[in-house]
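Chain and residue survey
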Amino acid sequence: MKTTGYRKRLIVNFRLAVSLIYLWKYLYRRGEIIRVKHVEFAYSEGINLVSTSMYYFYNEKDALLSFFWEESIDNIIPSMFKPIKWTALHEWLSYVYWFGLDYADRKYEASDFFNLRVDEIVDVGLSLDINKPDFNLLGACDFCGKCEECYLLDDWKSFFELHKDDVGKTIIHTAFHLLMFNKKFLRDFNEFLAEVLETQSDKIPLEYHSKLINGKIPRSTYWASWLETALYHRDKGCCSICRKNVTGEWNLTGSLGIDHIVPISKYGNNDPTNLQILCEKCNLTKGNKSNATSGFDIPLWNLE
Ligand SMILES: [Zn+2]
Ligand SMILES: [Zn+2]
């Protein structure tokens with residue numbers, strides 16, 4: 001009799017502990033969602049960056065892309081092992097953005113470069129309270145550096161310099177926000193990462209070599225709640241392949257079927273851009289065999 005009472009108490013305590021864990025998980029997840037800061041995106045410049053970065057990706061594969069891997073590997077590799085918020089795609093967008101800005105600085109007319117920077121400043125929502133320099137006057141003094149107009153240009157240059165990193169970050173963040181919905185591009189981008197991992201792994205920093213398994217990145221098994229929430233919202237609670245609604249599965253189990261678009265076995269990685277939601281059935285069928293994803297999404301409304 002004594003033992004039964006003890007066992008009952010043990011079971012009750014165990015159930016209580018499990019409920020508390022679920023409650024904590026629920027509150028934590030809720031807290032994370034509420035804590036997300038609302039931001040104002042720079043759509044105009046962000047869309048420009050999306051189109052430029054896609055153009056370079058598909059058309060300058062040999063030139064720009066090989067430099068990208070070599071120059072950015074140190075920043076990409078951590079997220080390929082364990083997903084972090086600054087993804088490999090942020091790194092690519094950043095590469096294209098700073099490359100473009102540097103190119104414009106060297107090749108554009110001073111007034112065109114100036115106007116480009118002003119467009120960015122306006123688009124990210126920074127207020128402008130300095131008068132614009134007159135480029136006709138600057139042409140006449142030939143940028144002497146000692147007149148009123150030149151001082152005005154200098155003020156602008158310091159203003160650009162002061163806000164340079166924040167402006168770039170907002171534009172990159174916006175472009176990421178848009179491009180993260182283009183799963184066919186994400187697949188192609190991660191196929192590129194897989195290809196270089198397979199063929200140029202010698203360029204990976206030494207400390208990561210011992211962490212590879214047969215030259216491949218080990219599968220991550222833990223997904224942070226910021227990541228699960230983001231994938232759930234991006235995929236609108238639907239399986240990326242068969243389009244089945246998986247909201248019920250999430251509510252019931254508190255976890256999602258997260259799939260690597262390019263499988264780990266095919267040199268895929270754990271970067272957030274290589275992840276998608278699948279239903280249980282598709283997850284089992286796709287397994288480590290294919291790079292399947294789809295371009296389907298749920299529109300705000302359909303056209304007749
Ligand atoms: Zn001057
Ligand atoms: Zn499915």
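**Considering the nonpolar core**
- If you look at the biggest cluster of nonpolar residues, it comprises 69 residues, and the most contacted ones within it are Leu 89, Trp 92 and Phe 189.
- In terms of residue count, the dominant contributor to this core is helix α7 (residues 148-179) (eleven residues).
- Three or more residues apiece are contributed to this core by two domains, here domain 1 (43-179) and domain 2 (217-298 + 300-304).
- Setting aside residues up to four positions removed in sequence, Trp 92 forms contacts with Ser 53, Tyr 56, Phe 57, Leu 64, Leu 65, Phe 68, Phe 185 and Phe 189.

**So, the packing of aromatic side chains**
- With the rule as written, the count across this model stands at 19 aromatic pairs.
- Judged by centre distance (5.3 Å) and plane angle (55°), the ring pair of Phe 114 and Phe 135 falls under tilted. Taken as a pair, Phe 114 in helix α5 (residues 110-123) and Phe 135 in helix α6 (residues 135-141) lie far apart in primary sequence, 21 residues in all.
- Both rings, one in Phe 114 and one in Trp 156, keep their centres 5.1 Å apart while their planes meet at 75°; by these two values the pair is edge-to-face. Of this pair, Phe 114 sits in helix α5 while Trp 156 sits in helix α7, and the two are 42 residues apart along the sequence.
- Accessibility expressed as a relative area gives 1% for Trp 156, which makes it buried.

**As for the pattern of salt bridges**
- For the structure shown, the criterion picks out ten salt bridges.
- One salt bridge connects Asp 102 with Arg 106, and the closest N-O pair in it is separated by 3.3 Å. A residue pair is termed a helical-turn pair when its members lie 3 or 4 positions apart in one helix, as Asp 102 and Arg 106 do in helix α4 (residues 88-107) at four residues.
- For Asp 235, the salt bridge is made with Lys 183, and the minimal N-O distance between the two is 2.8 Å. Residue Asp 235 is located in the loop between α10 (225-234) and α11 (247-253), and its partner Lys 183 is located in helix α8 (residues 183-199); the two are separated by 52 residues in the primary sequence. Each member of the pair, Asp 235 as well as Lys 183, is classed as buried.

**Regarding the domain arrangement of the protein**
- Domain boundaries in the protein define domain 1 (43-179) and domain 2 (217-298 + 300-304).
- Taking only C-alpha atoms into account, the centre of domain 1 sits 33 Å from that of domain 2.
- Opposite the ten residues of domain 1 that make contact, domain 2 presents eleven residues.
- Area buried by domain 1 at its contact with domain 2 is led by Met 80, Phe 81 and Pro 83, which between them contribute 59% of it.
- Where domain 1 meets domain 2, there are zero salt bridges.
- Counting across the domain 1 and domain 2 interface gives four residue pairs in polar contact (both at pLDDT 80 or more).
- The element best represented in the side of domain 1 that touches domain 2 is helix α3 (residues 63-81), accounting for three residues.
- Class assignment for the residues of the side of domain 1 that touches domain 2 results in seven nonpolar, two polar and one charged.

What counts and how
Residues numbered from 1 in each chain as written. Chains lettered and ligands numbered in written order. Predicted model: local features only at pLDDT ≥ 70, side-chain atom pairs only at ≥ 80, totals over all residues. Heavy atoms only, no water. Core = buried A, V, L, I, M, F, W, Y, C linked by side-chain atoms within 4.5 Å. Buried < 20%, exposed > 50% of the residue type's maximum accessible area, 1.4 Å probe, protein only. Helix = DSSP H or I, 4+ residues; strand = E, 2+ residues; numbered from the N terminus. Domains from an automatic or database assignment. Contact = heavy atoms within 4.5 Å. Phe/Tyr/Trp six-rings, centres within 6.5 Å; stacked < 30°, edge-to-face > 60°. Salt bridge = Lys/Arg side-chain N within 4 Å of Asp/Glu carboxyl O. Buried area = accessible area lost by both parts, 1.4 Å probe. Polar contact = N/O pair within 3.5 Å; in protein donor to acceptor, adjacent residues only side chain to side chain. Nonpolar A, V, L, I, M, F, W, Y, C, P; charged D, E, K, R; others polar.

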